[in-house]
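These are the residues of each chain, in order.
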Amino acid sequence: MASSSTVSRMNPNKPHVMCIPYPIQDHIKPMLKLANILHSFGFRITFVNTEFSHNNLLKSGALESIANLRNFRFETIPAILPPPASTTTTRDYYHLLCQSAREKFLPPLHHLITRLNWCKTVSCIVSDGLMPFNIMIARELGIPGYLLWVPNACAFLGYLREKGLMPPKDEQLDMVLDSTSVLKNIRLSDIPHAKLYENGLPEGEAEEAFQASGIIFETFEALEHDVFDAIKPMFQHVYAVGPLQMLLNLDSTGTSDHLESFSFNQHGDEIHCLKWLDSMEPNSVVYISFGDLAVFTPRQLCEFAWGICNSNQPFLWMITPDFAKGQLATLPLEFLEKTKERGLIATWCPQEQLLAHPSVGVFVSHFGTSSMLESICAGVPMIGWPYFGHDHQVTCRYSCNRWGIRMKINEDMEREEVESLVRELMEGDEGKAMKRKAMEWKKLAIEANSKGGSSAKNFNNLLKALSRSQNFMGHQILSSL
């Protein structure tokens, strides 16, 4: 809960934006970036999180650069679920969260607003796209309500287009969609919700987005231009403002000295990882991270490990604590012995910094949207295993078939395939072509976020839409974009 000193720092003459992330790390991070950027443009920010997620942020040190900022406060509501038991995987906890969010998030949020009398001070609400029901509160307050959609735009469009086929029958999963050329070669099983209905995720997120004042996507138009051509006629206001990290890095206002990348883990491997990379040759290292939700079978993990070993490439493998608790022991001792001179296994690494390091040549990941955008910002091609998530499968299809910067590992995870893909991307002609293509996308992302670029213009329009207070002097800053 915000302290009284924090409350006193809030300036009542500036627009007040309430930011409400979905309470998992991959969704909190982009919302926190957006809040940080909005604050640098003169907005008051209240960031509402669950107690459990907020405490994790405090432990991670992610709030150190903004904890004492004037007009930036944090509030908490009771946890939607109790903290996960030691035997509960992050993935299982996520499933339970999906089932509980709609029922258990809205009442305490409503109580928080009433208790603090925010009905007279909040200018607008920006909620995660997986919690569009928070728009109901914005409508009750008579203020705008926006959604930050973290999965990519093609995933959002896919669900909108094919909602009549949900939930799918088993025999429909391999059906190739033909309802729109935008989704050409996308299978029904690639659509975000196709595999999640059994987990109780409410089916109306994308549909409920029609009630929002606008939808914010963390992507840039050149990357998904055909998708935005299809989405924009459906909604009154659509803002592609990504990658947000580039807006943070470019620091176009000259006043945002606190804008920086956020670190979301308290483990002490950061300096060691970066020093290890400093000792390696340029474009020589395979960086591996499957996020927080990865669940390998012992066989899959063994096959992947031996594929990496047999590729004879240096590697940096990030294994999260949850993953390590259940799986690290199944890594073959022979693998650890054979790779000890050219491999490093860590519990956490600053991913954006690592991808930007000149020694990293390939990123092996799970095709999550955040990882995809971070690899584009760094100009690093990817190998992916899209095992889970709202967007992993459709991101995989798009990045492999349209963006030309990804290769996919099949679900059964054979060591020969892993070795072949790693060798090709690190040494082969196709890998060199993908590296060139990745650098082209990086250039386009930089252009989108530079003055006059599409993301900069869209963010300018978003700022104008959010700036409802007559006393707000944001127009003086908007000209810099």
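All figures in this text were calculated on a predicted structure; none of them were measured in a lab.

Here we have seven strands laid out as an open sheet, ordered E3-E2-E1-E4-E5-E6-E7, and parallel in their pairing. The open sheet has two edge strands with one neighbour each: strand E3 (72–77) and strand E7 (238–240). Neighbour to neighbour, the strand axes of the sheet diverge by 20° on average, direction disregarded. Across six bridges, the pairing between strand E2 (residues 44–50) and E3 is parallel. Paired with Val48 across the strands is Glu75, a residue of E3. Along the sheet, helix H2 (residues 25–40) contacts strand E1 (16–20), E2, E3, strand E4 (124–128), strand E5 (145–149) and strand E6 (214–217); its crossing angle with E2, the most-contacted strand, is approximately 165°. Across the sheet, helix H3 (residues 51–60) touches E2 and E3, and the angle it forms with E2 is around 110°.

Further remarks concern H3. Where H3 is concerned, the buried positions are Ser53, His54, Leu57 and Ser60. The arc that holds every buried residue of H3, seen down its axis, measures 125°, which confines them to one face. Every exposed residue of H3 that faces more than 90 degrees away from the buried side is listed here: Leu58 and Lys59. Buried residues in H3 make contact with H2, E2 and E3. Once H3 ends, the next one or two residues include Gly61, with phi positive near 85°.

As a general feature of sheets, a regular strand has side chains that alternate between the two faces. Of the two faces of strand E9 (residues 315–318), the one carrying Phe315 and Trp317 and the one carrying Leu316 and Met318 are both buried. Across four bridges, strand E8 (residues 285–289) lies against E9 in parallel orientation. Looking across to E9, one finds that Val286 is bridged to Phe315. Pairing analysis gives four bridges linking E9 to strand E10 (residues 343–346), with the strands arranged parallel. If you follow Leu316 over to E10, its bridge partner there is Leu344.

Considering the arrangement of structural elements, one finds Ala465 in helix H19 (residues 454–466). The spacing of Ala465 and His237 is 228 residues in sequence and 9.5 Å in space, taken between C-alpha atoms. Among all residues touching Ala465, those that are not within four sequence positions of it are Tyr146 and Tyr239.

Here the focus is a nonpolar patch on the surface. Taken together, the side chains of Leu333, Leu336 and Ile345 define a hydrophobic patch exposed on the protein surface, amounting to about 270 Å² of accessible area. Relative to the assigned elements, Ile345 resides in strand E10. For Ile345, a relative accessible area of 33% corresponds to the partly exposed category.

Our next topic: the environment of Glu419. Tracing the sequence through the fold places Glu419 in helix H17 (residues 415–427). Spatially, the C-alpha atom of Glu419 lies 9.6 Å from that of Ala305, the residues being 114 residues apart in sequence. Not counting the four nearest positions on each side in its chain, Glu419 is found in contact with Gly307, Asn310 and Ser311.

This part is about the side chain of Asn134. Within the fold, Asn134 resides in the loop between E4 and helix H5 (135–141). The buried category is assigned to Asn134, whose relative accessible area is 0%. Residues within four places of Asn134 in sequence aside, it is in contact with Ile20, Phe105, Leu106, Leu109, Ile125 and Ser127.

Taken across its six residues, E3 has six buried, putting it largely inside the fold. With respect to chirality, the unit in which E2 leads through H3 into the neighbouring parallel E3 is right-handed.

Definitions and limits used
- Residues numbered from 1 in each chain as written.
- Predicted model: local features only at pLDDT ≥ 70, side-chain atom pairs only at ≥ 80, totals over all residues.
- Heavy atoms only, no water.
- Pairing = 2+ DSSP bridges.
- Helix = DSSP H or I, 4+ residues; strand = E, 2+ residues; numbered from the N terminus.
- Axes fitted to C-alpha atoms, helices over the stretch in contact; angles between N-to-C directions.
- Contact = heavy atoms within 4.5 Å.
- Buried < 20%, exposed > 50% of the residue type's maximum accessible area, 1.4 Å probe, protein only.
- Arc of directions from axis to C-beta.
- Patch = residues over 30% accessible without salt bridge, like charges linked within 9 Å, V, L, I, M, F, W, Y side chains within 5 Å.
- Areas by Shrake-Rupley, 256 points an atom, 1.4 Å probe, with all protein chains shown as cover.
- Salt bridge = Lys/Arg side-chain N within 4 Å of Asp/Glu carboxyl O.
- Right-handed = clockwise from strand over helix to strand, strands pointing away.

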